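A structural walkthrough
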Amino acid sequence: MLRGRRRMECTLDAQSLISISLRKIHSSRTQRGGIKLHKNLLVSYVLRNARQLYLSERYAELYRRQQHYPDGAPLLAMPACPPPAAAPPELAALPLPADTQDREARSCAVVRGGAELLEGPVCAAPPELQRAPCRDSSPGFYRAAGSAGPGGGGGGGSSAAPGLLYAAGCDFGTGGVPHCSSRTTVLDLDTHVVTTVENGYLHQDCCSQCPCCCQPVAGLASPPPAPGTKRKYYPGQEEEEEGVEEGEPGGGGVAGGPPFAPCTKRARFEEYSAEHPQDSSNISNLISIFGSGFTGLVSRQQADSEQPLNGQLCGKQALASLGAWTRAIVAF
Amino acid sequence: MAGVAGGGGGGGSNDFQWCFSQVKGAIDEDVAEADIISTVEFNYSGDLLATGDKGGRVVIFQREQESKSRPHSRGEYNVYSTFQSHEPEFDYLKSLEIEEKINKIRWLPQQNAAHFLLSTNDKTIKLWKISERDKRAEGYNLKDEDGRLRDPFRITALRVPILKPMDLMVEASPRRIFANAHTYHINSISVNSDHETYLSADDLRINLWHLEITDRSFNIVDIKPANMEELTEVITAAEFHPHHCNVFVYSSSKGTIRLCDMRSSALCDRHSKFFEEPEDPSSRSFFSEIISSISDVKFSHSGRYMMTRDYLSVKVWDLNMENRPVETYQVHEYLRSKLCSLYENDCIFDKFECCWNGSDSAIMTGSYNNFFRMFDRSTRRDVTLEASRESSKPRAVLKPRKVCTGGKRKKDEISVDSLDFNKKILHTAWHPMENIIAVAATNNLYIFQDKIN
């Protein structure tokens, strides 16, 4: 990341810290001697701190946008995250209103957040995840080995972790049309629901139904499908569509597609993020790893569209909806 | 060039200098991972110095008797015994490899001619007996000199075997193996002052053992939450009190220390004393939790104080005062602004140890760039020294080093950005009575002693 360019001085912003931390947790699985509980616990604290800062920055930005568009448009826009300030190397985590009251609960939450990613060999991850060859987590593309279904891995976590599989947003248009440039697609491994959020609208199924993905069309062509539409996801299907977009051979049908191979997506996303290092979907994808709360937040906001967005409310909701990410640290 | 006084019967205000004495280990730039020293420990008399490495080996050095012919060279440490203590293992049930790295060595007090030490890796503790053999019996009846059995019918006369001297042989044999008691990684062992029991601590539990009994241990501390999602801290180090056999302490990743009394209850989950310094809110950062994690805790020889090491500082605590340490020493405060990079390259997770001198007047701990730091508690003076091959001439006086934290770099100073973070001194040991220190620098062991006037 920054290693090559800056030796000692580095001004890591929250999102870089998050991705670095995730990478550490991920690589700890394959380290000799087994998962180090102590180190992973410490990393999860950094994750929490970085996430707190990031969320507070983000919701502050959302609030400002809301002030700009008081007519209730984009409920949860995907704003370009304010370019990470050249913060001093030590960023104090901005205190969220919930922060001071509830640190203890959140320390548990972050442990959960980090813990979810600690699923080591003990976890009975579903086979399709275990087949995934690409373990490396580049920013914005991280595969969490949650446990979907009743198989539920080790540790006896009481609540099933949804395990979010994040897939890179659609590309930003073959013709340079930026319509899809801020899209997040989140796959919930428990319910197998694909949820796509684009530019503030909750698009279910954007990838399959948005014609711009499949044809070179300028601008937003079709209206977003009604919120609430869900589509069953079959492993490999999304990959298929992406493949179609790029003119690659189509491959099989909907079901029974090739085992999910994220490498293709990752390569594309890396290219994408190299060009748009500050892109908001990068950040939002990271958020989605921690917060199914993101989508939860959106649906809540749709219901309460008149309620002014303010940092306090968003913060509380996001933090409260961490429950989705509840797998315990299971060291052994 | 003032050094730091300490040890022996000397007063705290005596200035003296540290000199290079010996260095053990390969000079090769290419360091094999297995050769990296992972623990250093003097025995109770200081005559033996044990090191453990990542390859699971233990090397014991013995101090030579001072000879009249070379009065200026105090007893040198030479290899006494080398043995493979732990081997890599594989836990098939959990599909986990168990590292053979020696995490800790602790000597037992000597009770007879043999020496005993405990060595541990992540999962298994072993009691080793190191004994000398300098005589050999000859003249057996039932077997001849090369060990072959003689045919009993051929024996026509009986003889009494006699002992003959032989070249000294030092044998190390495992006398006890204490296994299968720890689910998590063992980080500490500590021999009790009763010389009968010892404790072993992993991330979440502390067990009490009897040295004679290997198939049973008693769990005395268990901080594992019922729901692992609620885990917020782990045990990082534990030690028995040097005099009170019922008292021990353990430190946590949250920067707290708990003192427990085994006489108050069988399960010491509830502490008797709780040592914590309130966090300074102005210094809060992303990495506050990491740098407050305690990596080592050591009682003073007197038993009145204990010392803790976290990432940036060493603190001395009075056992009678729980709300803050009595002394705090900054080891390398200039790293506080570099925590981002140190997090990236994993250095922020390095676990530095610390040690007292024999009289508890000085403390020592390691840093980066092969620097180590000494603090004189009475004069409040501190010194930074370096363990390097360059200053490894016999009896060469160590020159104090200085790190330039900003502004103009003076001559002989080294800037923070030039520090080599791969050269870290995590393990140091101080002779229990004299001013001799052992400093482990990656795969080399440096021995320094004070200059004899």
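- Per an unreviewed UniProt entry, chain B carries the name Serine/threonine-protein phosphatase 2A 55 kDa regulatory subunit B and comes from Strigops habroptila.

- Labelled according to an unreviewed UniProt entry, chain A appears under the name Immediate early response 5 like, originating from Strigops habroptila.
- The record held by UniProt for chain A lists under Sequence similarities (unreviewed entry) the comment "Belongs to the IER family."

**What about the pattern of salt bridges?**
- Summed over the entire model, instances satisfying the criterion amount to 35 salt bridges over all chains.
- Across the pair Arg48 of chain A and Glu289 of chain B runs a salt bridge whose closest N-O atoms are separated by 2.6 Å. Placement of the pair is Arg48 of chain A in helix α2 (residues 37-68) and Glu289 of chain B in helix α1 (residues 288-292), with the two residues belonging to separate chains.
- Given a relative accessible area of 12%, Glu289 of chain B falls into the buried group.
- One continuous salt-bridge network, built from bridges that share partners, spans Arg48 of chain A together with Glu279, Arg284 and Glu289 of chain B.

**Looking at the environment of Phe352 of chain B**
Residues and elements named next belong to chain B.
- Structurally, Phe352 can be placed in the loop between α2 (339-344) and β24 (354-356).
- Sequence separation of Phe352 and Lys424 is 72 residues, and the distance between their C-alpha atoms is 8.9 Å.
- Leaving out residues up to four positions away in the same chain, Phe352 has contacts with Ser295, Asp296, Arg309, Tyr311, His332, Thr365, Gly366, Ser367, Tyr368, Ile425 and Leu426.

**Considering α2 of chain A**
- End to end, α2 of chain A covers 46 Å across 32 residues, agreeing with the expected 46 Å (1.5 Å per residue, within 8%).
- Where burial is concerned, most of α2 of chain A is hidden: 25 out of the 32 residues are buried.

**Description of the state of the cysteines**
Residue and element names in this part refer to chain B.
- Here the structure, examined in full by the defined rule, presents zero disulfides over all chains.
- Summary of cysteine pairing: Cys354 is not part of a disulfide, and the nearest cysteine sulfur, belonging to Cys355, is at 7.2 Å.
- Overall, Cys354 belongs to the buried group, its relative accessible area being 1%.

**What to know about the pairing of strand β15 (residues 213-222) of chain B**
- Note: strand β14 (residues 205-210) of chain B against β15 of chain B, five bridges, orientation antiparallel. Note on β15 of chain B: the bridge partner recorded for Arg205 of chain B is Asp222 of chain B.

**Some remarks on the layout of surface pockets**
- Put simply, the largest pocket is a space of about 1500 Å³.
- Listing elements by their share of the lining of the largest pocket, those giving two or more residues are α2 of chain A together with β2 (37-42) and β16 (235-240) of chain B.
- No other element matches the four residues that α2 of chain A contributes to the lining of the largest pocket.
- Across the lining of the largest pocket, the residue classes tally to 15 nonpolar, 14 polar and 16 charged.

**Let's talk about the packing of aromatic side chains**
All names here are of chain B.
- The tally for this structure, following the rule as stated, stands at 21 aromatic pairs over all chains.
- A centroid spacing of 6.1 Å and a plane angle of 5° characterise the contact between Tyr198 and Trp209, whose relative ring orientation is stacked. One end of the pair, Tyr198, is in strand β13 (residues 197-201); the other, Trp209, is in strand β14, and eleven residues separate them in sequence.
- Taking the relative accessible area as the measure of exposure, Tyr198 reaches 0% and is therefore buried.
- Note that Lys143 overlies the ring of Tyr140, its terminal NZ or CZ placed 4.6 Å from the centroid.
- One Lys or Arg, Arg377, reaches over the ring of Tyr305 and ends 4.6 Å from the middle of that ring.

Calculation criteria
Residues numbered from 1 in each chain as written. Chains lettered and ligands numbered in written order. Predicted model: local features only at pLDDT ≥ 70, side-chain atom pairs only at ≥ 80, totals over all residues. Heavy atoms only, no water. UniProt positions renumbered as here; feature names shortened; annotations may be inferred. Salt bridge = Lys/Arg side-chain N within 4 Å of Asp/Glu carboxyl O. Helix = DSSP H or I, 4+ residues; strand = E, 2+ residues; numbered from the N terminus. Buried < 20%, exposed > 50% of the residue type's maximum accessible area, 1.4 Å probe, protein only. Contact = heavy atoms within 4.5 Å. Expected span 1.5 Å × (residues − 1). Disulfide = S-S within 2.5 Å. Pairing = 2+ DSSP bridges. 1 Å grid on protein atoms, 1.4 Å probe; cavity = no way out; pocket = protein on both sides within 12 Å on 5 of 7 lines; lining within 4 Å. Points joined across faces, edges and corners; volume = space filled by probe spheres on them. Nonpolar A, V, L, I, M, F, W, Y, C, P; charged D, E, K, R; others polar. Phe/Tyr/Trp six-rings, centres within 6.5 Å; stacked < 30°, edge-to-face > 60°. Lys NZ or Arg CZ within 6 Å of the ring centre and 35° of its normal.

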